[in-house]
Amino acid sequence: MAKYAFFLGCIMPLRYPGIESSTREVMKSLGVELVDMQGASCCPAPGVTRSFDQNYWMSLAARNLTIAEKMGMDVLTICNGCFDTLFETAHKLNHDPELRKKVNKTLRDATGVEYNGTVNVRHFVELLYRDVGLDAIKSKVKGGKNLKAAVHYGCHFLKPSNIKKIDDAERPHVFDDIVEAAGMTSVAYKDKGMCCGAGGGVRARTPDVALKMTKENLVNMQAAGVDVIVDCCPFCHLQYDVGQVQLKELQQKIPVLHLSQLLGLAFGLEKDKLGLEVHQVKVNL
Amino acid sequence: MAEAKVPNPEFTRKVIEQGGKTVNLCFQCGTCTGSCPSGRQTAFRVRKVVRRAQLGFEEDVLPSEDLWLCTTCFTCYERCPRGVEIVDIIMALRNMAVRKGYMAEPHRKVAELISKTGHMVSLRDEDKALRKKLGLQETPPTVLSDPKMLEQVKKITELCGFDKLVASGGK
Ligand code: SF4
Ligand code: SF4
């Protein structure tokens, strides 16, 4: 059984713990073992932390990476923000010896441990596609409804694509393929691939601007007649879920599921394992 | 007649040093602005931010609200025909702006929470209750349940001077 150091981050364990329980259950049924990273912190969140101090951003991220290094396991995350912070930091430290020296001095003084560049950072969508495979996912599907899904990739799963090298950033397919393997239909919609609006600290600083971007996406998804929005990032998830309540003018609301919850539904997990009761937009699927 | 502004290569050099090494490759085509989801909703024009960084117009760019309307979606970065690492330029500029005191209170609060608790949101009783109901460890196995590991985070905060930056609001 493949083992991974499971990086929790913040929004998933503290606001949508149903994403955590779904991920744990779904991965177990696919033969992927997740091991907790004792004492990990916020990735830290790129929007504010990187904007304030890139050195601090990388130093905290590097501390998280050293926990996985000690465990001898690659890191697995289900969040685009955590993926970006951890992946970009590992990439920068692996390619810039001077920078690594500087960050390692801070780490040594604070923790007694250094970053060695021995683990990879994996995003669960990419792991499902490349390692687990579509056939294994298909084999776990227990029937259920064929929902029309608006797949939202978010920004930091695939981009910057020159270092992430997962899929074509303009016309990706890996996430859609997984949703289809789960027995759903991934529906095309206008400007699919646009940012949800929340990132870069915009949601915290100018929530009205963030919501304008969210609304544009929602209107486009509605026009395509979808039953559900599927995301692969708890922050996009929060923006769509809470955003639809804040956008009072929207007549119709679309339930929002993280891919782990959608797979949970498709695999026939007990509904009370999915933690859907905290979703602001009611999920009756 | 308005006076022409004089470029300030010293400021441009700082942008380059802090990660904006591709700033001088920009030839102002505007592909970035045309791709920007935030610019569709606001008057933010990312091409102008890059131009100001290139010319070293510090007083125009650092106090500007525009700098904070970027969601870091990387669409412009992907499409720029000159390979300008636009998000890295924006990050370099933001790092400088907060040190001039241009730090919004909601951002300062998030930064403070991360540096003090190791997480960007808090653990409330209702979160604990739901976690328990879902069969998860009530307090996540992160710094929240490990005070010694939280001390490491605080030490890094101190060593990087992040506690002082956040407490002073950059002023
Ligand atoms: S797309 Fe690139 S070259 Fe064109 S204006 Fe923007 S940064 Fe400059
Ligand atoms: S990264 Fe920022 S500036 Fe570039 S397109 Fe996205 S929101 Fe606009």
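Starting from 1, residues in each chain are numbered consecutively following that chain's sequence as written. Numbering of ligands from 1 and lettering of chains from A proceed in the order in which they are written. Where local features are concerned, this predicted model is filtered to residues with pLDDT of at least 70; where side-chain atom pairs are given and counted, the filter is 80 or more; whole-chain, interface and lining totals use all residues. Side-chain calculation: all heavy atoms of the structure are included, whereas hydrogens and water are not.

### Considering the overall build of chain A
What counts is decided by this rule: The helix count covers DSSP runs of H or I at least four residues long, the strand count covers runs of E at least two residues long, and both are numbered beginning at the N terminus. What makes two residues a contact is simply this: any of their non-hydrogen atoms within 4.5 Å. With residues, only the protein chains shown are counted as cover, and all accessible areas are computed by Shrake-Rupley using a 1.4 Å probe. Residues scored as charged are limited to Lys and Arg (positive) and Asp and Glu (negative), so that His and the chain ends carry no count. A charged residue contributes its charge at one atom only: NZ of Lys, CZ of Arg, CG of Asp or CD of Glu.
Along chain A, the regular secondary structure elements total 14 helices and eight strands. The principal-axis extents of the C-alpha atoms in chain A amount to approximately 55 × 45 × 35 Å. Within chain A, contacts between residues at least 6 apart in sequence are counted, and of these 76% link residues at least 24 apart. Working note: accessible area of chain A is about 9900 Å², and carbon and sulfur atoms make up 49% of it. The averaged location of the 32 negative side-chain charges in chain A is 3 Å from the averaged location of its 35 positive side-chain charges.

### Quick look at the side chain of arginine 122 of chain A
Residues and elements named next belong to chain A. This is how it is decided: Polar contacts here mean pairs of N or O atoms no more than 3.5 Å apart (in protein, one a potential hydrogen donor and the other a potential acceptor; neighbouring residues in sequence count only if both atoms are side-chain atoms).
Mapped onto the secondary structure, arginine 122 falls in strand β4 (residues 121-123). Within the local environment of arginine 122, its side chain forms a polar contact with the side chain of glutamate 126, the two groups lying 2.8 Å apart. Not counting residues up to four positions away in its chain, the partners in contact with arginine 122 are Tyr4, Asp74, Val75, Leu76, Thr77, Phe83, Leu127, Arg130 and Asp131.

### Concerning the site of ligand 1
Basically, it comes down to this: Any residue with at least one heavy atom within 4 Å of a molecule or strand is counted as near it. Basically, the charged four are Asp, Glu, Lys and Arg, the nonpolar ten are Ala, Val, Leu, Ile, Met, Phe, Trp, Tyr, Cys and Pro, and anything else, Gly included, counts as polar.
Close contacts around ligand 1 come from 13 residues, with Cys26, Cys29, Gly30, Cys32 and Cys80 of chain B the closest. Split into classes, the residues belonging to the shell around ligand 1 amount to eight nonpolar, three polar and two charged.

### Observations regarding the site of ligand 2
As a matter of local geometry, ligand 2 sits amid Cys36, Pro37, Phe44, Val46, Cys70, Thr71, Thr72, Cys73, Phe74, Cys76 and Val87 of chain B. Within the shell around ligand 2, the residues separate by chemical class into nine nonpolar, two polar and no charged.

### Quick look at helix α4 (residues 54-71) of chain A
All names here are of chain A. What counts, and what does not: One less than the number of residues in a helix, times 1.5 Å, gives the span that helix is expected to have.
Between its first and last C-alpha, α4 extends 26 Å over 18 residues, near the 26 Å set by a 1.5 Å rise per residue. Among the residues of α4, the N-terminal cap falls to aspartate 53, whose side-chain oxygen and the backbone nitrogen of asparagine 55 are separated by 3.0 Å. Count one or two residues on from α4 and you reach glycine 72, which has phi positive near 70°.

### Regarding the confidence of the model for chain B
Under the convention used in this document: A score from 0 to 100, pLDDT tells how confident the predictor is in each residue.
Counting all residues, the mean pLDDT for chain B is 97, and 100% of those residues have values of 70 or more. Here the prediction assigns the complex a pTM of 0.97, and the interface score ipTM is 0.96.

### A short note on the interface of chain B and chain A
The criterion, for reference: Defined here as a combined quantity, buried area equals the accessible surface (1.4 Å probe) lost by two parts on assembly, summed across both. A side-chain nitrogen of Lys or Arg and a carboxyl oxygen of Asp or Glu constitute a salt bridge if their distance falls within 4 Å.
Facing the 64 residues of chain B at the interface are 72 residues of chain A. Buried surface at the junction of chain B and chain A, summed over both partners, amounts to about 5800 Å²; 62% is from carbon and sulfur atoms. It is Gln41, Leu134 and Ile156 of chain B in chain B that bury the most area against chain A; as a group they hold 11% of the surface buried on that side. Along the contact surface separating chain B from chain A lie 10 salt bridges.

### Considering the domain arrangement of chain B
When the parts come together, some accessible area is lost, and that loss is often what is quoted as the size of the interface. Cut-off, in case you're wondering: Domain ranges listed in this record stem from an automatic or a database domain assignment.
According to the domain assignment, chain B consists of domain 1 (9-98) and domain 2 (105-168). Computed over C-alpha atoms, the centres of domain 1 of chain B and domain 2 of chain B are 31 Å apart.

### Observations regarding the environment of valine 219 of chain A
Along the chain, valine 219 of chain A falls in helix α12 (residues 207-223). Residues valine 219 of chain A and tyrosine 189 of chain A, spaced 30 residues apart in sequence, show a C-alpha to C-alpha distance of 9.8 Å.

### Brief notes about the packing of helix α7 (residues 124-132) of chain A against helix α14 (residues 259-266) of chain A
All names here are of chain A. Note the threshold: Where helices are involved, their axes are fitted lines through C-alpha atoms of the stretch in contact, as for all axes, and angles between N-to-C directions lie from 0 to 180°. Working rule for angles: under 35 degrees goes down as roughly parallel, over 145 as roughly antiparallel, 65 to 115 as roughly perpendicular, anything else as oblique.
One way to put it is that α7 packs onto α14 with a least axis distance of 11 Å and a crossing angle of 50°. In terms of orientation, α7 and α14 fall into the oblique class. Counted together, Phe124, Val125 and Leu128 of α7 and Leu259, Ser260 and Leu263 of α14 form the full contact between these two elements. Here the residues of the contact of α7 with α14 sort into five nonpolar, one polar and no charged.

### Side note on the sheet that holds β4 of chain A
Residue and element names in this part refer to chain A. Quick note on the threshold: Two strands qualify as a pair provided DSSP detects at least 2 bridges between them.
The strand order across the open sheet formed by four strands is β2-β1-β3-β4, and the pairing between neighbours is parallel. At either margin of the open sheet sits one strand with a lone partner, and together these are β2 (32-36) and β4. Sheet twist, expressed as the average angle between the axes of neighbouring strands with direction ignored, equals 45°. Relative to β4, strand β3 (residues 75-77) runs parallel, the two sharing three bridges. Its bridge partner being in β4, leucine 76 is matched across the sheet by arginine 122. Across the sheet, helix α2 (residues 17-29) is in contact with β1 (2-6), β2 and β3; its angle to β2 comes to roughly 140°. Most of the contacts of α7 go to β4, to which it runs at about 90°, and overall it touches β1, β2, β3 and β4.

### Section: the domain arrangement of chain A
Residue and element names in this part refer to chain A. Considered domain by domain, chain A is made up of domain 1 (2-123) and domain 2 (142-278). Between domain 1 and domain 2, the C-alpha centre-to-centre distance is 23 Å. Across the boundary between the two partners, domain 1 contributes 24 residues, which contact 31 residues of domain 2. In total, about 2300 Å² of surface goes out of reach between domain 1 and domain 2, with carbon and sulfur atoms giving 71% of it. Counting the surface domain 1 buries against domain 2, the share from its top three residues, Tyr16, Ile19 and Asn80, is 27%. The interface formed by domain 1 and domain 2 holds two salt bridges in total.

### Let's talk about the pairing of strand β7 (residues 228-231) of chain A
Residue and element names in this part refer to chain A. Defined as follows: Between buried and exposed lies partly exposed: a residue is buried under 20% and exposed over 50% of the maximum accessible area for its type, with that area taken using a 1.4 Å probe on protein chains only.
Residues Val228 and Val230 line one face of β7 and the alternating positions Ile229 and Asp231 line the opposite face, and both faces are buried. One ladder, built from four bridges, connects strand β5 (residues 148-152) with β7; its direction is parallel. Within β7, the residue paired with alanine 150 across the bridge is isoleucine 229. In the sheet, β7 pairs with strand β8 (residues 256-258) via three bridges, with the strands oriented parallel. Within the sheet, the bridge partner assigned to valine 230 lies in β8 and is leucine 257.

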